[in-house]
Amino acid sequence: MISQGYLQIIKFVTLFQLLMNVVVSHYSRIRNGKVVSDNELLFNIQGKTFDQFSESVYRQAGIQYPKFHKMDHLSKLGFLAADILLKNNNLDIKADPYQTGVILSNHSSSLDTDIRYYNMAHKGIASPAVFVYSLPNIVIGEICIRHGIKGENNFFISDHYDIPSQVDYINHLFNTGVIESCIGGWVELINETYDAFLYYAVKEIAGSQFPQHTPESIIKLYHSN
Amino acid sequence: MTELKENLKRQIIEQLNLKDIKPEEIGDDQPLFVEGLGLDSIDALELIVLLQQHYGIKLAKAEDGPMVFKSVNTIADYILAHKQ
Amino acid sequence: MSASVYITGTGIISAIGNNISESIQSFRQHNSGVSKIDFLQTRHHDVFPLAEVKYSNDELAALTGLKPTLSRTILLSFYAARQAVETIPDEAFKNCRIGFISASSVGGMDKTEFFFEDYMNDPQSGDLRMVQHHDCGKPTNYVAQQLGIKGFVSTISTACSSSANAIMLGARMIKSNRLDVVIAGGVDSLTRFTLNGFNSLMIVDRKQCRPLDQSREGLNLGEGAAYVILVSERFLEKFKTEPMCSVSGYCNTNDSHHQTALSDNGNGPFLAMKGALQMAQLEPGDISYINMHGTGTQNNDSAEGKALERVFHPAYPPLSSTKSFTGHTLGASGSIEAVFSAASVKEGLIFPNYSFNEGIHGLSITPVTSLIENQNIKHVLSNSFGFGGNCTSLIFSKS
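Residues numbered from 1 in each chain as written. Chains lettered and ligands numbered in written order. Predicted model: local features only at pLDDT ≥ 70, side-chain atom pairs only at ≥ 80, totals over all residues.

**Overview of the overall build of chain A**
Link 1 in the chain: A count of helical and extended segments in chain A gives eight helices and seven strands.
Link 2 in the chain: Against the globule reference of 17 Å for 225 residues, chain A gives a C-alpha radius of gyration of 18 Å, in line with a compact fold.
Link 3 in the chain: When the 225 residues of chain A are sorted by exposure, 50% land in the buried category.
Link 4 in the chain: Taking all contacts inside chain A whose residues are at least 6 apart in sequence as the whole, residues at least 24 apart take part in 72%. (Helix = DSSP H or I, 4+ residues; strand = E, 2+ residues; numbered from the N terminus. Rg over C-alpha atoms; globule rule 2.2 N^0.38 Å. Buried ≥ 20, exposed ≤ 12 C-beta atoms within 10 Å, placed from the backbone. Contact = placed C-beta atoms within 7 Å.)

Below is the structure:
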């Protein structure tokens, strides 16, 4: 069932394409043991728990960031997806960190960590290190700290990945001059089920063949991996 | 005392998820915060939980933390002085 | 950019009142909502004061007409949202494109944590109906349905800046002509999870909190809900409505320093305030009153104070933290303070700190300590900073 709101948004996205060209230059995807970046399968690690899988990706990608091991699963997932997206593609945020936004969403919020925290608290151990991750936007905080990103950031909770709404919101930020680049996507994790999809949207680069930042192209990217 | 310190080092590594560090790499007198292991304020709170969980000692004031958790030596001293 | 988003109505419920009039009266009589725990069942009952809404779930259910078995988050959200919606003219409600943007950090967890206890003891026990509204998005959807809103519905969850971000998003949707009316705000109810968690961070005061005071020892947790009705200039003309104020500026940044602590210099807050001022085309001297985030923790008040110094020193406008009265209502705090800010502009009020003895060393910030009335309030700045470095500043202006 398509809501009125959804239809309104599709209508207005077309309008905004005319005002400014925003393109999607890179993406990363992590799910089912596979790490993909720009159509290239970087790692395929099967038969592991998320703990083991994330540790393997961390090591095989040559990341050196000791604080990684303190993060909760959702933050590890988002952190890895962002590292693959940015470092793998030599994307440099430092030019103007206040002009880079991070707009993410998921279904389960921080429920995976909420449960872990509660299991411990139930036994009389309220762990501060676990509690600090009982909010979905901490993953944005970790990504921002790692890459020095300081621009607008927001986290939405929805039943499914509402691509038209997210694309629309990000395009609006570009069109009103709030940002010049943006990490958008979906970072979802609960128990051993995980799905991270991040993409990098930026003002059109002359002479490039990158797809336009539209719901259609994001839907295509998301479903192609 | 040596056994206590060795246990402490393993517990600190486990409680604070310091996966890249081995117990023998932590000096008894090595500063744990700022330089040294580079621990932060949340780690300090976790050490308070560690004291309670493993040694039954409750550190009531967070302000005492920097003094008590300065190094493995100071933690061990505190435990011996306060263990019930 | 000219102001083209207006607030025409509000709805609010917190520890200091069930609507804006009662809230103002609490400020006038200097009655803090922080008190001994009444409703939350916790082993910390005699240890921490809380700022609870002074109704049980049964009483809230009777007031709202909803089932008492629902999550307290839903009951509070519906109470405040309905109050706001009642200010929308009937004709507008029927014919306009209306959206509902709500924010929460807790969702339906107040019920889930009780289910969990039964479930942990015996996986076959526990009433599953208790967990059906756990997700942050579920209370939003449920309340939207109850209000009859069929258009755009969205949930934001960015910790303590959540409902400020909801208002920011709502304002954008009005400005870009996607919607004619947005009911924007947020809600959070008190849970053991929250109290135990904040206690593990050792930032909860065992007494009435003292924001901006050198002796401050942490925050008092609170609960509540608040929503504003955002409309366009076209709406004002069509339905001949007088606005309370306009939303003239907003900005969101990431402090990019630590998961829960702000940078010493308050970089994220500094840039959020500067960004909002720039958008509203205002100078610091144009601000009539600042409603600070002011939680009462060592870190926030120092960092926010430092950021304020960088923007306003040496000419500080009157300022305060109303969290000293309402407690820190987490996801609801941005919108509760937005409602206070709108009232400040409309009624000419400057809200006070509950108490103040000695300013933070190294800063020259002195809050107002009793309600000041009959002021000419032109612009109010409201700050909301959440864990994860999420910093939002909003500006409300006389229109």
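More follows now that the structure is in view.
**A look at the overall build of chain B**
Link 1 in the chain: Along its length, chain B carries four helices and zero strands.
Link 2 in the chain: If you list the helices and strands of chain B from N to C, you get α-α-α-α.
Link 3 in the chain: Projected onto the principal axes, the alpha-carbon positions of chain B cover approximately 30 × 25 × 20 Å.
Link 4 in the chain: Here chain B, with 84 residues, has 27% of them falling under the buried criterion.
Link 5 in the chain: Considering only contacts in chain B between residues 6 or more positions apart, those separated by 24 or more positions represent 56%.

**Examining the interface of chain A and chain C**
Link 1 in the chain: Residue-level contacts link 40 residues of chain A with 42 residues of chain C.
Link 2 in the chain: For the side of chain A that touches chain C, the secondary-structure elements that each account for two or more residues are α1 (4-19), α4 (111-122), α5 (128-131), α6 (138-147), β5 (153-157) and α7 (163-175) of chain A.
Link 3 in the chain: Of the strand pairs in this sheet, β5(A) and strand β3 (residues 153-156) of chain C are connected by two bridges, and their pairing is antiparallel. Opposite A:I157, over in β3(C), you have C:T155 as the bridge partner. (Pairing = 2+ DSSP bridges.)

**Description of the packing of α7(A) against helix α8 (residues 215-223) of chain A**
Residues and elements named next belong to chain A.
Link 1 in the chain: Where α7 meets α8, the closest approach of the two axes is 9 Å, and the angle between their N-to-C directions is 125°. Here α7 is positioned oblique relative to α8, judged by the angle of their axes. You can see that α7 and α8 cross each other, and the crossing is right-handed. Contacts between α7 and α8 involve I163, P164 and V167 from the first element and P215, I218, I219 and Y222 from the second.
Link 2 in the chain: In the contact of α7 with α8, the residues fall into seven nonpolar, no polar and no charged. (Axes fitted to C-alpha atoms, helices over the stretch in contact; angles between N-to-C directions. Parallel < 35°, antiparallel > 145°, perpendicular 65-115°, else oblique. Left-handed = near helix turned anticlockwise from the far one by under 90°. Nonpolar A, V, L, I, M, F, W, Y, C, P; charged D, E, K, R; others polar.)

**Let's talk about the nonpolar core**
General note: in soluble globular proteins, nonpolar side chains tend to be found buried as a group.
Residues and elements named next belong to chain C.
Link 1 in the chain: V228 and L230 are the most contacted members of the largest nonpolar core, which has 208 residues in total.
Link 2 in the chain: For this core, the domains that each give at least three residues are domain 1 (5-239) and domain 2 (246-397).
Link 3 in the chain: Apart from residues no more than four positions distant in its own chain, L230 is found in contact with V5, I7, G170, A171, I174, V182, A184 and V247. (Core = buried A, V, L, I, M, F, W, Y, C linked by C-beta atoms within 7 Å. Domains from an automatic or database assignment.)

**Overview of the packing of helix α3 (residues 73-86) of chain A against α6(A)**
Residue and element names in this part refer to chain A.
Link 1 in the chain: For the pair α3 and α6, interaxial distance at closest approach is 9 Å and the crossing angle is 40°. One finds that α3 runs oblique with respect to α6. In terms of crossing hand, the pair formed by α3 and α6 is right-handed. Between α3 and α6, the residues in contact are L74, S75, G78, F79, A82 and L86 and I138, V139, E142, I143, R146 and H147, respectively.
Link 2 in the chain: Grouping the amino acids of the contact of α3 with α6 by side-chain chemistry returns seven nonpolar, three polar and two charged.

**What to know about the pairing of strand β1 (residues 5-14) of chain C**
All names here are of chain C.
Link 1 in the chain: Burial analysis of β1 places ten of its ten residues in the buried class, the great majority of the element.
Link 2 in the chain: Sheet analysis places β1 next to strand β5 (residues 224-232), joined by nine bridges and oriented antiparallel. For V5, the partnering residue across the bridge sits in β5 and is S232.
Link 3 in the chain: Where β1 and strand β6 (residues 245-254) come together, two bridges link them in antiparallel fashion. Paired with Y6 across the two strands is S246, which belongs to β6.

**Overview of the environment of B:E35**
All names here are of chain B.
Link 1 in the chain: Topologically, E35 is positioned in the loop between α1 (2-15) and α2 (41-55).
Link 2 in the chain: Judged by the 8 C-beta atoms lying within 10 Å of it, E35 falls in the exposed class.
Link 3 in the chain: Considered as a pair, E35 and L8 are 27 residues apart in the sequence and their alpha carbons are 19 Å apart.

**Quick notes on unusual backbone geometry**
Residues and elements named next belong to chain C.
Link 1 in the chain: Of the consecutive residues H313 and P314, the connecting peptide bond is found in the cis state with omega at 0°.
Link 2 in the chain: By the secondary structure assignment, P314 is in the loop between α11 (298-312) and β8 (319-320).
Link 3 in the chain: The backbone phi angle of K240 is positive, close to 45°, even though this residue is not glycine.
Link 4 in the chain: For K240, the position within the fold is in the loop between α9 (233-239) and β6.

**Some words on the pairing of strand β6 (residues 181-190) of chain A**
Consecutive residues of a regular strand have side chains that alternate between opposite faces of the sheet.
All names here are of chain A.
Link 1 in the chain: Burial analysis of β6 places nine of its ten residues in the buried class, which makes it a mostly covered element.
Link 2 in the chain: Of the pairings in the sheet, the one linking strand β4 (residues 100-106) to β6 comprises six bridges and is parallel in character. Note that in β6 the partner of S105 across the bridge is W186.
Link 3 in the chain: Following β6, the chain reverses through two residues before pairing antiparallel with strand β7 (residues 193-203); N191 in that reversal takes a positive phi of roughly 55°.

**Focus: helix α8 (residues 192-200) of chain C**
Link 1 in the chain: Of all nine residues making up α8(C), eight are buried, and the element is well covered by its neighbours.
Link 2 in the chain: Residues of α8(C) that are buried sit in contact with α4 and α5 of chain A, α2 of chain B together with α5 (109-121) of chain C.
Link 3 in the chain: Two residues or fewer after α8(C) comes C:M202, characterised by a positive phi angle close to 55°.

**With respect to the confidence of the model for chain B**
Residue and element names in this part refer to chain B.
Link 1 in the chain: Mean pLDDT over chain B: 89, with 99% of residues reaching 70 or higher.
Link 2 in the chain: Within chain B, the lowest mean pLDDT, 88, falls on helix α3 (residues 65-68), and the highest, 94, falls on α1.
Link 3 in the chain: This complex was scored by the predictor with a pTM of 0.93 and an ipTM of 0.92. (pLDDT = per-residue confidence, 0-100.)

**Quick word on the environment of A:I143**
Residues and elements named next belong to chain A.
Link 1 in the chain: Mapped onto the secondary structure, I143 falls in helix α6.
Link 2 in the chain: Residue class for I143 comes out buried when judged on the 27 C-beta atoms lying within 10 Å of it.
Link 3 in the chain: Along the backbone, I143 and A82 are 61 residues apart, and their C-alpha atoms lie at a distance of 6.8 Å.

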